Amino acid sequence: MKAVLFDLDGTLINSLGDLADACNYVLKQNGYDPHPEEQYNYFVGNGMDKLIRAILPQDTTEETFQTIREQYKARYLAHSLDRTRPYEGVVEVLKELKKEGFCLAVVSNKPDEQSQKVVEALFEPGLFDVVAGNRPGLPVKPDPTLPKEVLSRLGADPRQSYFVGDSGVDMKTALNCGLKGIGVTWGFRTEEELRKAGARYVIHRPGELLNLVK
């Protein structure tokens, strides 16, 4: 069985505005200065804990970190669909891959509850065979634990499967799982980062994916 595993934020959906808004909201609520939205291109992608640590001063206490983490989690969950939308052309490509017999999955460092909510709201039921976000106690990508779990659930052969993402983390994930890594340049990071991290291919528009995986 062949599968295409997708990162979520910056790959399937443009969620930067909602992520930045939620972070900046809790920063301001706690007396910290907000960050420009474009800085969040480099804050996100490594899981919620690393995101919160990135937006706070280095000398932040653990108690403050935990407080702001929980405030962010609640704020983002309530406002994760204010500005977030699939990238243009993504839905059509997913439907075509499905028609061609590929198993499709989402594997995200975003917490699982948030991942499930966003995917359910923005994509048709049944389009993805598996949606998997980060769960407590589970290491984040590029650790291969969650992607390998998803591959097992799908019954997919890694040698015939792909990981599609917008960051170096995703390309390292592909290498760690024995998948072919496809980097996308419409997301949050640069082509240079994707290539340095070992991308097998780099594409600039969603439609290019169809020619690579056939």
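Residues numbered from 1 in each chain as written. Predicted model: local features only at pLDDT ≥ 70, side-chain atom pairs only at ≥ 80, totals over all residues. Heavy atoms only, no water.

**Regarding the nonpolar core**
Counting residues in hydrophobic clusters, the biggest one holds 48 residues, and the most contacted among them are Phe6, Leu12, Tyr72 and Phe128. Sort the elements by how many residues they give to this core and helix H1 (residues 16-29) lands first, with seven residues. Apart from residues no more than four positions distant in its own chain, Phe128 is found in contact with Phe6, Leu12, Leu94, Leu104, Ala105, Val106, Val119 and Phe123. (Core = buried A, V, L, I, M, F, W, Y, C linked by side-chain atoms within 4.5 Å. Buried < 20%, exposed > 50% of the residue type's maximum accessible area, 1.4 Å probe, protein only. Helix = DSSP H or I, 4+ residues; strand = E, 2+ residues; numbered from the N terminus. Contact = heavy atoms within 4.5 Å.)

**Quick word on the packing of helix H4 (residues 62-79) against helix H6 (residues 112-122)**
Packing of H4 against H6 leaves a shortest axis separation of 10 Å and a crossing angle of 10°. Relative to H6, the element H4 lies roughly parallel. Along its contact with H4, which presents Lys73, Tyr76, Leu77 and Ala78, the element H6 presents Glu113, Gln114, Lys117 and Val118. Residue composition of the contact of H4 with H6, grouped by class: four nonpolar, one polar and three charged. (Axes fitted to C-alpha atoms, helices over the stretch in contact; angles between N-to-C directions. Parallel < 35°, antiparallel > 145°, perpendicular 65-115°, else oblique. Nonpolar A, V, L, I, M, F, W, Y, C, P; charged D, E, K, R; others polar.)

**Brief notes about the packing of aromatic side chains**
All told, the structure shown has three aromatic pairs when counted by the stated rule. Both rings, one in Tyr40 and one in Phe43, keep their centres 5.1 Å apart while their planes meet at 85°; by these two values the pair is edge-to-face. Within this pair, Tyr40 and its partner Phe43 are both found in helix H2 (residues 40-43), separated by three residues, close to a single helical turn. Here Tyr40 falls in the buried class, since its relative accessible area comes to 0%. We classify Phe43 as buried; its relative accessible area is 16%. Here the aromatic rings of Tyr72 and Tyr76 are separated by 5.8 Å at their centres, their planes lie at 15°, and the arrangement is stacked. Linking Tyr72 with Tyr76, this pair stays in helix H4, spanning four residues, or about one helical turn. Like Tyr76, Tyr72 is buried. The side chain of Arg75 reaches across the aromatic face of Tyr25, ending 3.6 Å from its centre. Here Lys180 stacks its cationic end above the ring of Tyr162, 5.0 Å away from the centre of that ring. (Phe/Tyr/Trp six-rings, centres within 6.5 Å; stacked < 30°, edge-to-face > 60°. Lys NZ or Arg CZ within 6 Å of the ring centre and 35° of its normal.)

**Looking at the side chain of Ser108**
Topologically, Ser108 is positioned in strand E4 (residues 103-111). Accessibility expressed as a relative area gives 2% for Ser108, which makes it buried. Here Ser108 is in contact with Leu8, Asp9, Ser115, Ala132, Gly133, Asn134, Lys141 and Leu146, once residues within four sequence places are set aside.

**Re the pairing of E4**
In terms of residue burial, E4 counts as a mostly covered element, since nine of its nine residues are buried. In this sheet, strand E5 (residues 130-134) lies alongside E4 in parallel orientation, the contact comprising four bridges. What sits directly across from Pro111, in E5, is Asn134. Read as a crossover between parallel neighbours, the route from E4 over H6 to E5 is right-handed. (Pairing = 2+ DSSP bridges. Right-handed = clockwise from strand over helix to strand, strands pointing away.)

**Brief notes about the pattern of salt bridges**
Close approach of charged atoms allows side chains of opposite charge to pair. For the coordinates displayed, the defined rule picks out 17 salt bridges. The structure contains a network of salt bridges with shared partners spanning Asp7, Lys141 and Asp170. (Salt bridge = Lys/Arg side-chain N within 4 Å of Asp/Glu carboxyl O.)

**Section: the state of the cysteines**
Applying the stated criterion across every chain yields a total of zero disulfides. Its sulfur unpaired, Cys177 is 16 Å from the next cysteine sulfur, which belongs to Cys103. (Disulfide = S-S within 2.5 Å.)

**So, the packing of H1 against H4**
Axis separation between H1 and H4 bottoms out at 9 Å; the angle between their running directions is 140°. One way to sum up the angle between H1 and H4 is to call them oblique. The chirality of how H1 crosses H4 is right-handed. On H4, the residues that touch Asp18, Leu19, Ala22, Cys23, Tyr25 and Val26 of H1 are Ile68, Gln71, Tyr72, Arg75, Tyr76 and His79. Looking at side-chain class alone, the contact of H1 with H4 contains eight nonpolar, two polar and two charged residues. (Left-handed = near helix turned anticlockwise from the far one by under 90°.)

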